[in-house]
Amino acid sequence: MQELSAEQASALALFREVTADARDEQTSLEVLKSCNWNVEQALQLHWATAEDEPMPQAASSAAGSSRERLSAGPMASPLLGSGGAGSSSAGSRHQGRATEQGVSGGFGSSVFGWLAQGIKQIGTSLFNILCTFVFGAGGASLGGNASGAAFNRALTASYGSQLALPQFYEGSFAAAISAARRDVKLLVVFLHSEHSQYAQRFLTEVLGNDLIRTQLEDNFIVWGGDIARMEAHQVAQSIRVRQFPSFSVLLPATVEEIRVIGAVQGRIEFDAVSALLTACLQEIETHRSEILAQQFQRDEDRSLREQQDLEYQQALEMDRQREAQREQQEREEAVAKKLAEDELRKEQEEVAKIESRRQSLQAKRQTAAAALPTPGPDCKASISLRLPTGQRVQRKFLPTAVLADVYAWADCVAYLPEQEGKAIEVPARFVLKTSFPTAELKDMERTVEELKLAGSNIMLAEIEDED
């Protein structure tokens, strides 16, 4: 094997790590060379062709004869089907002709069939790549690219529910940068690959360590992602990650500038992460002062420009502003007057509606009171009714009278001759209740005797309007 440069060796290591050594070293080199050492294109080519293997053996046995290639490759089956042992009953005199026709017809159908199958598999593979790249290996159910909680759940599901990982930022990488800049904190970026041989050890022994977790949650904003997802893959490219897992500390100095002030990759030890975080904590004040100074300078410059623009506009447009203020005041007064008139009209309409409903209800109750029969000697079931104002009224009913009769009496009780002058008020909407135990009386067809209301005290409660 030819000697590789450092960059080529790194690309080869990354390709084999992400593909979990699915290909041997020689095949991996050939895929990378065919993609001009572009790892991303090589990965896409690998995933697109993974389902198509094994390839036709004719390509790997070019040194053999033409007959060996036909009989050994995936196109041998149609040849055997056309003129092989299965058709021996046709007689030996037709065997040569059948074989010749099988070679020409079977070979053509095999080629087209193999091409159709290959195209179908490549289409399926590309679709799977797209879904994996957008949603990740867990699919859209894991919460999408911007869900830190979903990333945490995916890790604990894969490496053990006992993992106590730091809280990952709930948002995209760009949102995490903005949050770090706003809070004047450093941003820790953890990039995970399920194919890395160091992934489980890093999660359980380093990232899940109580000391590391406490340091991260108290002093940093932590963003994490799986490189199988498109966003995490783009982040890995932007900060030039070559091995996984990757643990980087970023300083979002300005909107345009994001500095990597420390990073560890691949086989990451606890001491390396602890030392990195400790060093960053010691220098964080310097970084914070730098960020604050830049923010202060930007604010000063912006404030100065705004002040100069304001003074310039005031000098040029003073008269026009005064005229605009006068016109605005007139418009506001007109709007306020119209609003007051509309409000007054609405209030008057509402009062009129209430009065109309009250008068209608009063007329209805007066008519009902006039039609209510006077209790006769057979009316022996006495019922006492307590009103919301505390007043009490009584009436005797037949034991066979139904609850609807009691409601009809309660509705018009204020207009009965015996209650005249007592200023009794009955709400427009009410319900009758027993006093003890308290229960609403709603079964209108049941009789006074069945409800055991004779000699009882019932209450009239107002039903409040929902609005």
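It should be emphasised that the depicted structure is a prediction, and the values quoted were computed from it without experimental measurement.

For the chain, the helix and strand inventory stands at 14 helices and 9 strands. Looking at the chain as a whole, 33% of its 467 residues qualify as buried. Look at the contacts in the chain between residues 6 or more apart in sequence, and 65% of them connect residues 24 or more apart.

Before going further, it helps to spend a moment on the packing of aromatic side chains. Summed over the entire model, instances satisfying the criterion amount to 8 aromatic pairs. Centre to centre, the rings of phenylalanine 168 and phenylalanine 190 are 6.4 Å apart; their planes meet at 20°, and the pair counts as stacked. Residue phenylalanine 168 is located in the loop between α7 (148-159) and α8 (173-183), and its partner phenylalanine 190 is located in strand β1 (residues 186-192); the two are separated by 22 residues in the primary sequence. Through a chain of ring-to-ring contacts, the aromatic side chains of Phe151, Phe168, Phe190, Phe202 and Phe247 assemble into a single cluster.

On to helix α2 (residues 25-34). Among all positions in α2, only Ser28, Leu29, Val31 and Leu32 are buried. All buried residues of α2 lie within an arc of 165° about the axis, which places them on one face of the element. Count one or two residues on from α2 and you reach asparagine 36, which has phi positive near 60°.

The subject of this paragraph is the packing of helix α1 (residues 6-18) against α2. Two elements in contact, α1 and α2, have axes separated by 10 Å at closest approach and are oriented at 110°. Put simply, α1 runs roughly perpendicular to α2. In the crossing of α1 with α2, the sense of the turn from one axis to the other is right-handed. Note on element contacts: α2 touches α1 through Glu25, Ser28, Leu29, Val31 and Leu32, opposite Ala11, Leu12, Phe15 and Arg16. Here the residues of the contact of α1 with α2 sort into 6 nonpolar, 1 polar and 2 charged.

Across the sheet, which stays open at both edges, the 4 strands sit in the order β2-β1-β3-β4 with mixed pairing between neighbours. Across the chains shown, the open sheet's two edge strands, defined by having one partner strand only, are β2 (220-226) and β4 (259-265). For this sheet the average axis-to-axis angle between neighbouring strands, irrespective of direction, equals 20°. Of the strand pairs in this sheet, β1 and strand β3 (residues 246-251) are connected by 5 bridges, and their pairing is antiparallel. Bridge assignment links leucine 187 to a residue of β3, and that residue is leucine 250. Strands β1, β2 and β3 of the sheet are contacted by α8, whose axis makes an angle of about 170° with β2. Seen against the sheet, helix α9 (residues 199-207) touches β1 and β3 and runs at an angle of roughly 145° to β1.

It is worth spelling out a negative patch on the surface at this point. Taken together, the side chains of Asp443, Glu445, Glu449 and Glu450 make up a negatively charged region of the molecular surface. Checked against the element boundaries, glutamate 449 lands in helix α14 (residues 448-451). What makes glutamate 449 exposed here is its relative accessible area of 57%.

With that settled, the discussion passes to the pairing of strand β6 (residues 392-397). Residues of β6 alternate between two faces, with Val393, Arg395 and Phe397 buried on one and Arg392, Gln394 and Lys396 left unburied on the opposite face. Pairing of strand β5 (residues 381-386) with β6, which is carried by 6 bridges, proceeds in the antiparallel orientation. Of the residues in β6, the one forming a bridge with arginine 386 is arginine 392. Once β5 ends, the chain turns through 5 residues before running back antiparallel as β6, passing glycine 390 with a positive phi of about 95°.

Spatially, the 5 strands line up as an open sheet ordered β6-β5-β9-β7-β8, and their pairing is mixed. Looking at strand neighbours, the two that pair on one side only are β6 and β8 (439-441), the edges of this open sheet. Strand-to-strand twist across the sheet, computed as the mean angle between neighbouring axes with direction ignored, equals 35°.

Turning next to the pairing of strand β9 (residues 456-462). As paired elements, β5 and β9 share 4 bridges and run parallel to each other. Opposite arginine 386, over in β9, you have methionine 459 as the bridge partner. Where strand β7 (residues 430-434) lies against β9, 5 bridges are found, and the strand directions are antiparallel. Residue pairing across strands places threonine 434 opposite isoleucine 458, the latter belonging to β9.

Looking at the element boundaries, threonine 434 is found in strand β7. For threonine 434, a relative accessible area of 19% translates into the label buried. One polar contact links the side chain of threonine 434 to the main-chain carbonyl oxygen of proline 437, over a distance of 2.6 Å. Leaving out residues up to four positions away in the same chain, threonine 434 has contacts with Ala439, Leu441 and Met459.

Tallied over the full model, the rule gives 18 salt bridges. With a shortest N-O distance of 2.4 Å, aspartate 319 and arginine 322 are connected by a salt bridge. Placement of both aspartate 319 and arginine 322 in helix α12 (residues 270-371) is noted, with a separation of 3 residues, approximately one turn of the helix. Linked by salt bridges that have partners in common, Arg201, Glu205, Arg267 and Glu269 make up one network.

Where the residue is not glycine, phi is negative for most of them; where a peptide bond is considered, it is trans in most cases. Cis peptide bonds are those with omega within 30 degrees of zero, and the linkage from phenylalanine 244 to proline 245 qualifies with 0°. Although it is not a glycine, arginine 240 sits at a positive phi angle of roughly 60°. Relative to the elements of secondary structure, arginine 240 occurs in the loop between α11 (230-238) and β3. Relative accessible area serves as the criterion here: at 65%, arginine 240 is assigned to the exposed category. Of note in the backbone geometry, alanine 423 takes a positive phi value of approximately 50° without being a glycine. As for its position among the elements, alanine 423 is in the loop between α13 (403-412) and β7.

Thresholds, definitions, all that
- Residues numbered from 1 in each chain as written.
- Predicted model: local features only at pLDDT ≥ 70, side-chain atom pairs only at ≥ 80, totals over all residues.
- Heavy atoms only, no water.
- Helix = DSSP H or I, 4+ residues; strand = E, 2+ residues; numbered from the N terminus.
- Buried < 20%, exposed > 50% of the residue type's maximum accessible area, 1.4 Å probe, protein only.
- Contact = heavy atoms within 4.5 Å.
- Phe/Tyr/Trp six-rings, centres within 6.5 Å; stacked < 30°, edge-to-face > 60°.
- Arc of directions from axis to C-beta.
- Axes fitted to C-alpha atoms, helices over the stretch in contact; angles between N-to-C directions.
- Parallel < 35°, antiparallel > 145°, perpendicular 65-115°, else oblique.
- Left-handed = near helix turned anticlockwise from the far one by under 90°.
- Nonpolar A, V, L, I, M, F, W, Y, C, P; charged D, E, K, R; others polar.
- Pairing = 2+ DSSP bridges.
- Patch = residues over 30% accessible without salt bridge, like charges linked within 9 Å, V, L, I, M, F, W, Y side chains within 5 Å.
- Areas by Shrake-Rupley, 256 points an atom, 1.4 Å probe, with all protein chains shown as cover.
- Salt bridge = Lys/Arg side-chain N within 4 Å of Asp/Glu carboxyl O.
- Lys, Arg positive; Asp, Glu negative; His and termini not counted.
- Charge placed at Lys NZ, Arg CZ, Asp CG, Glu CD.
- Polar contact = N/O pair within 3.5 Å; in protein donor to acceptor, adjacent residues only side chain to side chain.

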